[in-house]
Amino acid sequence: MRMIAPSILSADFSRLGEEIRALDQAGADLIHIDVMDGHFVPNLTIGPGVVKDLRPHTKLLFDVHLMISEPERYIEAFAGAGADIITVHQESGAHLHRLIQMIKAQELKAGISLNPATPAALLEDIIGEIDLVLIMTVNPGFGGQTMIPAALKKINRVREFAKADEHPLLIEVDGGIKVETIAAAEAAGADIFVAGSAVFKSNDYAANIQALKKAGH
Ligand code: DX5
Ligand code: ZN
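What counts and what doesn't
- Residue positions are given per chain, counting from 1 as you read along its sequence in written order.
- Here every chain gets a letter starting at A, and every ligand a number starting at 1, in the order they are written.
- In view of the model being predicted, local features appear only for residues whose pLDDT reaches at least 70, and side-chain atom pairs are presented and counted only at 80 or more, with totals across whole chains, interfaces and linings using the full set of residues.
- Think of the side-chain values as coming from all heavy atoms in the structure, minus any hydrogens and water.
- In this scheme, a residue with accessible area under 20% of its type's maximum is buried, one over 50% is exposed, and one in between is partly exposed, where area comes from a 1.4 Å probe on protein chains only.
- A run of DSSP states H or I qualifies as a helix once it reaches four residues; a run of E qualifies as a strand once it reaches two. Both are numbered from the N-terminal end.
- Each direction from the helix axis to a C-beta atom contributes to the arc, which is the arc of those directions.
- We call two residues in contact when some of their heavy atoms are within 4.5 Å.
- We call an atom a donor if it is N, O or S and sits within 2.8 Å of the metal, or 3.2 Å for Na, K and Ca. Water is not counted, so some sites may look partial.
- Angular criteria define each label, namely tetrahedral for four donors with all angles between 85 and 135 degrees, square planar for four and octahedral for six donors with opposite donors over 155 degrees apart and remaining angles between 65 and 115, and irregular for whatever fails these tests.
- Two N or O atoms count as a polar contact when they lie within 3.5 Å, although within protein this holds only if one can serve as hydrogen donor and the other as acceptor, and sequence-adjacent residues are included solely when both atoms are side-chain atoms.
- Two strands are said to pair when DSSP picks up at least two bridges between them.
- What counts as an axis is a line fitted to C-alpha atoms, over the stretch in contact for a helix, and the angles between N-to-C directions run from 0 to 180 degrees.
- We call a residue near a molecule or strand whenever a single non-hydrogen atom of that residue lies within 4 Å of it.
- Here the term charged refers only to Asp, Glu, Lys and Arg, the term nonpolar to Ala, Val, Leu, Ile, Met, Phe, Trp, Tyr, Cys and Pro, and the term polar to all other amino acids, Gly among them.

Caption draft 1: Up close: helix α1 (residues 16-25). Among the residues of α1, those classed as buried are Leu16, Gly17, Glu19, Ile20 and Leu23. All buried residues of α1 project into a common sector of 160° when viewed along the axis, lining one side. Among the structural elements, β1 (3-6), β2 (30-36), α2 (48-54), β3 (61-67), α7 (197-200) and α8 (205-214) are those in contact with the buried residues of α1. Gly27 lies just past α1 and shows a positive phi near 100°.

Caption draft 2: A look at the coordination of the zinc ion (ligand 2). The zinc ion (ligand 2) binds to the protein through His32 (NE2), Asp34 (OD), His65 (ND1) and Asp174 (OD); the donor distances cover 2.0 to 2.3 Å. If you look at the zinc ion (ligand 2), its six donor atoms make angles of 70 to 170° with each other, and the shape they trace is octahedral.

Caption draft 3: How the structure looks around the side chain of Ser113. With respect to the helices and strands, Ser113 occurs in strand β5 (residues 109-114). For Ser113, a relative accessible area of 0% translates into the label buried. Among the polar contacts made by the side chain of Ser113, one reaches the side chain of His89 at a distance of 3.4 Å. Side-chain polar atoms of Ser113 contact the backbone oxygen of Leu134, separated by 3.0 Å. Beyond its immediate sequence surroundings of up to four residues, Ser113 is in contact with His65, Thr87, Val88, His89, Gln90, Glu91, Leu134 and Met136.

Caption draft 4: Structural context of the sheet that holds strand β7 (residues 170-174). Overall, parallel pairing links the eight strands, which are arranged β1-β8-β7-β6-β5-β4-β3-β2 in an open sheet. Of all strands in the sheet, those bounded by a partner on one side alone are β1 and β2. On average, each strand axis in the sheet is inclined to that of its neighbour by 25°, with strand direction left out of account. Bridge analysis of strand β6 (residues 132-136) against β7 gives five bridges, and the strand direction is parallel. Along β7, the bridge assignment pairs Met136 with Asp174. Along the sheet, helix α4 (residues 96-105) contacts β4 (85-89) and β5; its crossing angle with β5, the most-contacted strand, is approximately 145°.

Caption draft 5: Seen up close, the site of ligand 1. What surrounds ligand 1 is a group of 20 residues, the closest being Gly141, Gly144, Asp174, Gly196 and Ser197. Within the side chain of Asp34, an N or O atom sits 2.8 Å from an oxygen atom of ligand 1. Between an oxygen atom of ligand 1 and a main-chain N or O atom of Gly176, the distance comes to 2.8 Å. Sorting the residues of the shell around ligand 1 by element identifies β2, β3 and β8 (192-195) as the ones contributing at least two each. Per-element tally for the shell around ligand 1: the top contributor is β2, with three residues. Class assignment of the residues belonging to the shell around ligand 1 gives a composition of eight nonpolar, 10 polar and two charged.

Caption draft 6: Expanded view of the pairing of β8. With burial as the criterion, each face of β8 is covered, one bearing Ile192 and Val194 and the other bearing Phe193 and Ala195. Across four bridges, the pairing between β1 and β8 is parallel. Bridge assignment links Pro6 to a residue of β8, and that residue is Ala195. With three bridges connecting them, β7 and β8 associate as parallel partners.

Caption draft 7: Quick look at the side chain of Lys213. Locating Lys213 in the fold gives a position in helix α8. Ignoring anything within four residues of it in the chain, the contact list for Lys213 reads Met1, Arg2, Ile4, Gly27 and Asp29.

Caption draft 8: Quick look at unusual backbone geometry. At Glu107, a residue that is not glycine, the phi angle is positive and equals roughly 60°. Structurally, Glu107 can be placed in the loop between α4 and β5. On the accessibility criterion, Glu107 (72% relative accessible area) is exposed. The phi dihedral of Glu166 is positive, around 50°, even though this residue is not glycine. Looking at the element boundaries, Glu166 is found in the loop between α5 (153-164) and β7.

Okay, structure coming up:
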């Protein structure tokens, strides 16, 4: 079963609590929260204070995608705010192993994200330490971009490293997932599908999520 993680980047930020309750009722599997700092990516979004205020609105897992420089400065704050999964970018710093240990020390699931130009091979030696790999299929920073299909090729390679290590691993894809592209991402081997604009394109979130779950089946 495809897991759909609506990205609240495309939600109405003036009504975020309500939007999250609506996603929960509409059949979302987890809530994807895009954190941007205007430095690692050219956009600014949500901090831990907002995540904390959203926490009481749903029991669904908070899948926090940190697109920020120096993520080590904020792991504890996002953990305290109610994150369940924290994903950091491979490109965000030199000490990825230490970063992953920091997330695990907070008893959270730890993920690593790869930008479209970052090779899968960079995860080979750390795959046994992580719970999730987030493959970016657009350049991070904005919703509503077109998928870069070549980025999907990485999924297989990541899966092979995980198999060699006998390590259970979730693979998530993020960027340009919609009814027309989700089947290709699933065929490439992804488990979780982030969708922003495809979920929020109309008010009927349930229908939009169902359409993503069924597309190509
Ligand atoms: C992009 C974010 C995505 C974004 C996806 O930097 O990481 O999660 O919200 O938006 P869509 O699904 O519209 O491509
Ligand atoms: Zn994201």
